[in-house]
Structures are given as structure tokens and as C-alpha cells.
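# Coordinates in review
Listed here are the chains, written in short residue letters.
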Amino acid sequence: MEAESSQLVFYLLSFIIVIAAICVVTLKNIFHSALFLILVLFGVAGIYILLNAEFLAAVQVLIYVGAVSVLIIFAIMLTSHLTSRKIKQSNEQVTLAVFICAGFLLASLASIANTVWRITDRPMPEHNTLTIGKLLMNDYVLPFEIVSVVLLAALIGAIVLARKEGT
Amino acid sequence: MEMAGLFKYLYELLVSSGLPQLWVDIIALICAGFIMFGFLAVVALFLVWWERKVSAHIQQRFGPMRTGWHGWLQTIADAIKLLQKEDIIPSTADRSVFFWAPVIAFVAAFLAYVCIPFGKGLIVSDLNIGILYIVAITTFTVISLLMAGWGSNNKYALLGGMRSAAQIVSYEVPMMISILTIVLFTESLSMMDIVQSQAKIYQWYIFRLPFGPIAFIIYLIAGTAETNRTPFDLPEAEQELVAGFNIEYSGMKFAMFFLAEFVNMFTVSAIGATLFLGGWQGPFLPSWIWFMGKTLFLVFILMWFRWTYPRLRVDQLMEFSWKFLLPVSFANLILAGLMKYSKWFNW
């Protein structure tokens, strides 16, 4: 019963995600595309919850929906005449895009097929937030710090770019 | 008179009816949803009336007086009036976005109540990630405001939506850090654990000097900004933007935005009461009365702010968040970390 219902939820979520993702790339109105992108990201958070990774799901919503999507929508809103007829709403680089996407698809399929998926019978850790925190601060502290430095560099770079000359 | 006992009794009644466990859970959750919805609708109506009364008395007026005793039926009459209004959609609006914006605002406002502890054992679901879930799910409010701004196809609405999004994103950072200061001490994100760590009055986080009061004040300021209230109500600054993001909305859709705003105000106060004022803990009275009392007290403080302070300018608003609140909250977090490390609070 448990496995069946979670499988049902998985297919439902996947259906929503796939349909929304198709809408993201096919819709003519870029604002609508951004909104469907939010739906995709939210659906992925649902998949995380299905996998008992609540912490990851919350962070997914917080960062992707709360920050990245808002940034995308901001960029759309600040671009003038985005939906007017002066700007072409179609893409001229379809062939190139098809090749790149096909390559990306092949690469991800190959990596899925070649990965050995480790499945254990051990119960889930009860506090996975605690476990993630401990891992980040002990075993993976170096990657964690490097990512922080990269983000800091991006932040400083943005400030330098946005700053007007001579002020 | 604990409310939890009543709900437990009802749940056991449902279990004894012999339905399969899955159906029992589904029915229980749907019932919990309806109870929560009814409760919050009443709370929102009450808060609208209270806000009008508080503002009136601050300005030496009486406010609504004619509908019922001291005008208590006024918001109910207003709600019925809004329900009867014609649903107007501007001809240039982006229809689907225009339609979904108030729905998302409304749903996002209610979703936070999945894990707010109303009393001893009185919580819909005590999630492991409690407070993080609330912070994450309420970000949908920003999306709804941006959708309203874009969908209305009106320059005032667009500017209002942009301003509110910029404001909420900026003030979310100090708010999160002040919440993090508390989580550092509870060592848990679950709302019930946060309440349980403040069993005695001197354990309330607001009384844990010196980091507690600082975190509380930062939380309160950021919370005022998150709910777009004066002195941070630039998104709906009447003199500049007429009404802000909801300018094109009328009837029930406007009512949904309006109710969502008041529910959000109650959410901010409820989280504040849970994190800093000991949640439902308190002597003599039942726990849910303590919770409601503390929350309504914080709501009153937010209203008090609104009717006594003038509005900030856009540049002042951003500078205040990034150049003052953020450094102070970071310093406070480091201070709290040091105190935690040196075992200053061993109780």
C-alpha cells in the first residue's frame, strides 16, 4: 500500500514536471515560461520529499523559487518591450540547440546507466538535517568552503560591475 | 481546557469507525484543513476590524461604530459586499496570470499553518524541518505579487509588484539569520522542539541577553517589511502608486489579496511568539490561550508601528536592510555562536 501510493505520487509529480517543462520551452510568452519554470522547480521539491529528503526540498523551494526565479522574473520585467512585436519571439539557433541538448541527454543517460546505485536496508537517519550539517562541517568542509568563496567572489564581482565609474 | 484532547478524541472516534488507516488519515487531514481555514478566516476578519479600531483610536477617532456593537459586524458586511461585486478583468490584462496571482497569494498564506504549534500537542504536522518549511513556503508570496504586477498590465501595479519583491527578498536575509540565531540554541528546526526549549520564563529567547532581544527586534523589523506594512509599505504607497500591485483587482480577488495580507501578518506574529516568547508555554491558563494572547500582542505591536511611523523612501529602505540590519544580524549570530560555544546558557 505504502509503495503503491508513493509510486502513484511519483508518477503524478513526474507528469506535472514534464508537462510544465515542455511549457517552459515551447510557450511564446517568456513570463509564462518563467512561471512554468517555477512549477518545475516546485515539482522537483516534491520528488525530494518523496525521497525523504525534506531538508533538500525546503532548500530547493527557498533558493530556486524564492531567489532564482524572482531574479529571472525581475530580469524579464526590467527588459523593455519584451512582449512587443519588435523583439523576435522565436529562436534562430534551433539546429545548434538540438545538437547540444542531444549531447546533454546522451551524457546524462550514460551517467545514469553507468552509476552503481547503492541501495541499503538500513533505516533512514531520523534527523537528516543534522546528518547533512555534520557531513558539511566535517567530511566535506573543503568543498563547502570553496563554494562559499566562489559565491563571495560572484557577489563582489556583481558589486564591482554595478558600481558606476568615479563614485 | 486543552484543545488537543478534543481533537484526539475525534480522531479516535474516526479510527474506531473501522475504516482503513489510509482513509482515516486522509479524512483527518481534510478535516484539519477545513478547521484551519475556518479559524484563519475568522482571525483575518477580526484583524481587519481590529486594525480599523486601533488606527482610529490612535488618530482619536472611533472607527466603525454602527454595524453591531462597536462595529464588530463591519468586516462581515464588507466581505459580503465584496462577494457580490462584479468580477472585473481589464481587457489588456494577461488573463491567466491575473487569475492565478490572488489564488497563489491566498494558498501561500495558508500553507504556513501546517506546522505552527497552537497549543500543547495542537499542531497539524510537527515536521522535522518546521521553521525552514515555513520560511520556504512563504516565498510564494513574492511570486504572487510579481504575477499580480505583471498580469494587471498597469504601470502602477508593475512598479508596486517590483518594489514589494525587492523588499521581501532583501528583508528575508536578516529575518532568516535572526531565526538561525534561535535554531543555533534549540539544535532543532521542529517548531515543537523550539517551544519545548523555552519551558521556563527565563528560558524564553527574548530574555536570553544579549543576543535574544537583538534577534527579536531584527525579526520584528524584517517581519514588518515582509508583510509590506508601514513604515515599509512602499509597494502600496498611495501617493505614488495609487494602490500598488492590487490596483486592478476588485471584488473577491481583491478580498483574497486582502485576507492573505492579514493572514501573513498573523503568521509573522505567530512565528515571533513561538520563537521568542515561548510559544504556548505559560502558567494557569490553557496553552492555546497563551499562544493566541502572545500572537495577538505581537499583531498589536505591528499595528502600532503602522499608525505611528512615517514611510521610508525606497533608497532608505534598501540601505536600512543591507547596510544596517544585515551586518547587525551577522554580528549577533557570531555572538550567539560564541555564547553557545562557551556554554553561557547551560539551563
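Quantities reported herein were computed from a predicted structural model and do not represent experimental measurements. (Residues numbered from 1 in each chain as written. Chains lettered and ligands numbered in written order. Predicted model: local features only at pLDDT ≥ 70, side-chain atom pairs only at ≥ 80, totals over all residues. Heavy atoms only, no water.)

### With respect to the packing of helix α7 (residues 155–186) of chain B against helix α13 (residues 314–341) of chain B
Residues and elements named next belong to chain B. Two elements in contact, α7 and α13, have axes whose closest approach is 9 Å; the angle formed by their N-to-C orientations is 10°. As summarised for this structure, α7 and α13 are arranged roughly parallel, according to the angle between their axes. Considered class by class, the residues forming the contact of α7 with α13 number 19 nonpolar, seven polar and two charged. (Axes fitted to C-alpha atoms, helices over the stretch in contact; angles between N-to-C directions. Helix = DSSP H or I, 4+ residues; strand = E, 2+ residues; numbered from the N terminus. Parallel < 35°, antiparallel > 145°, perpendicular 65-115°, else oblique. Nonpolar A, V, L, I, M, F, W, Y, C, P; charged D, E, K, R; others polar.)

### Overview of the nonpolar core
One finds Phe31 of chain A together with Leu47, Ile131, Phe266 and Phe276 of chain B to be the most contacted residues of the largest nonpolar core, which totals 114 residues. Take this core: its biggest share by element is 14 residues, from helix α11 (residues 251–276) of chain B. The contacts of Ile131 of chain B, once residues within four sequence positions are left out, are Ile179, Val183, Leu189, Met191, Ile194, Ile271 and Leu275 of chain B. Counting residues in each nonpolar core, the second largest holds five residues, with Leu13, Ile17, Val40 and Ile47 of chain A among its members. (Core = buried A, V, L, I, M, F, W, Y, C linked by side-chain atoms within 4.5 Å. Buried < 20%, exposed > 50% of the residue type's maximum accessible area, 1.4 Å probe, protein only. Contact = heavy atoms within 4.5 Å.)

### Here's the deal with the interface of chain A and chain B
At the junction of the two partners, chain A supplies 26 residues and chain B supplies 24 residues. Here chain A meets chain B over a buried area of about 2200 Å², counting both sides, of which 84% is carbon and sulfur. On the chain A side of the interface with chain B, the three residues burying the most area are Leu62, Phe74 and Met77 of chain A, jointly 27% of the side's total. Elements that contribute at least two residues to the side of chain A that touches chain B include exactly α2 (30–50) and α3 (54–78) of chain A. Looking at the side of chain A that touches chain B element by element, the count peaks at 15 residues for α3 of chain A. Of the residues assigned to the side of chain A that touches chain B, the class counts are 17 nonpolar, seven polar and two charged. (Buried area = accessible area lost by both parts, 1.4 Å probe.)

### Structural notes on the domain arrangement of chain A
All names here are of chain A. Looking at chain A, the domain boundaries give domain 1 (2–124) and domain 2 (126–167). Every contact between the two is made by five residues of domain 1 and, on the other side, four residues of domain 2. Buried area between domain 1 and domain 2, summed over both chains or domains, comes out near 330 Å², and the portion from carbon and sulfur atoms is 53%. Looking at the side of domain 1 facing domain 2, the largest losses of area belong to Glu54, Phe55 and Met124, adding up to 86% of the total buried there. Inspection of the region where domain 1 meets domain 2 yields zero salt bridges. Run the count over domain 1 and domain 2 and you get zero residue pairs in polar contact (both at pLDDT 80 or more). (Domains from an automatic or database assignment. Salt bridge = Lys/Arg side-chain N within 4 Å of Asp/Glu carboxyl O. Polar contact = N/O pair within 3.5 Å; in protein donor to acceptor, adjacent residues only side chain to side chain.)

### Points about the environment of Ala57 of chain A
All names here are of chain A. The residue Ala57 is located in helix α3 in this model. Look at Ala57 and you get buried, because its relative accessible area is 3%. Once residues within four sequence positions are removed from consideration, Ala57 is found in contact with Ala45, Tyr48 and Ile49.

### A few points about unusual backbone geometry
Residues and elements named next belong to chain B. Although it is not a glycine, His70 sits at a positive phi angle of roughly 50°. For His70, the position within the fold is in the loop between α2 (21–58) and α3 (74–84). The backbone phi angle of Phe284 is positive, close to 60°, even though this residue is not glycine. If you trace the backbone, Phe284 turns up in the loop between α11 and α12 (287–308).

### Considerations on the environment of Ile146 of chain A
With respect to the secondary-structure elements, Ile146 of chain A resides in helix α6 (residues 141–162). Residues Ile146 of chain A and Leu56 of chain A lie 90 residues apart in sequence; the distance between their C-alpha atoms is 20 Å.

### Overview of empty space enclosed by the protein
Over the atoms a probe the size of a water molecule is rolled, and this reveals where empty space is left. All names here are of chain B. Going through the model one piece at a time under the given rule, you end up with two cavities of 30 Å³ or more. By volume, the largest cavity is sized at about 250 Å³. Partitioning the lining of the largest cavity into residue classes produces ten nonpolar, six polar and two charged. Here the second largest cavity defines a volume of roughly 130 Å³. The wall of the second largest cavity is formed by 14 residues, among which Thr141, Leu145, Asn228, Glu261 and Asn264 lie closest to the centre. Counting only elements with at least two residues in the lining of the second largest cavity, the list comes to α6 (140–151) and α11. When residues in the lining of the second largest cavity are grouped by element, the largest group, four residues, is from α11. Among the residues making up the lining of the second largest cavity, the classes are represented as six nonpolar, five polar and three charged. (1 Å grid on protein atoms, 1.4 Å probe; cavity = no way out; pocket = protein on both sides within 12 Å on 5 of 7 lines; lining within 4 Å. Points joined across faces, edges and corners; volume = space filled by probe spheres on them.)

### So, the layout of surface pockets
If you add up the space inside the second largest pocket, you get close to 1500 Å³. Forming the walls of the second largest pocket are 31 residues, and the residues nearest its centre are Val9, Gly46, Ile49 and Leu50 of chain A together with Leu127 of chain B. Of all the secondary structure elements, the ones that give two or more residues to the lining of the second largest pocket are α1 (2–26), α2 and α3 of chain A together with α2 and α5 (130–137) of chain B. Element by element, the count of residues in the lining of the second largest pocket is highest for α2 of chain A, at seven residues. Class assignment of the residues belonging to the lining of the second largest pocket gives a composition of 21 nonpolar, seven polar and three charged.

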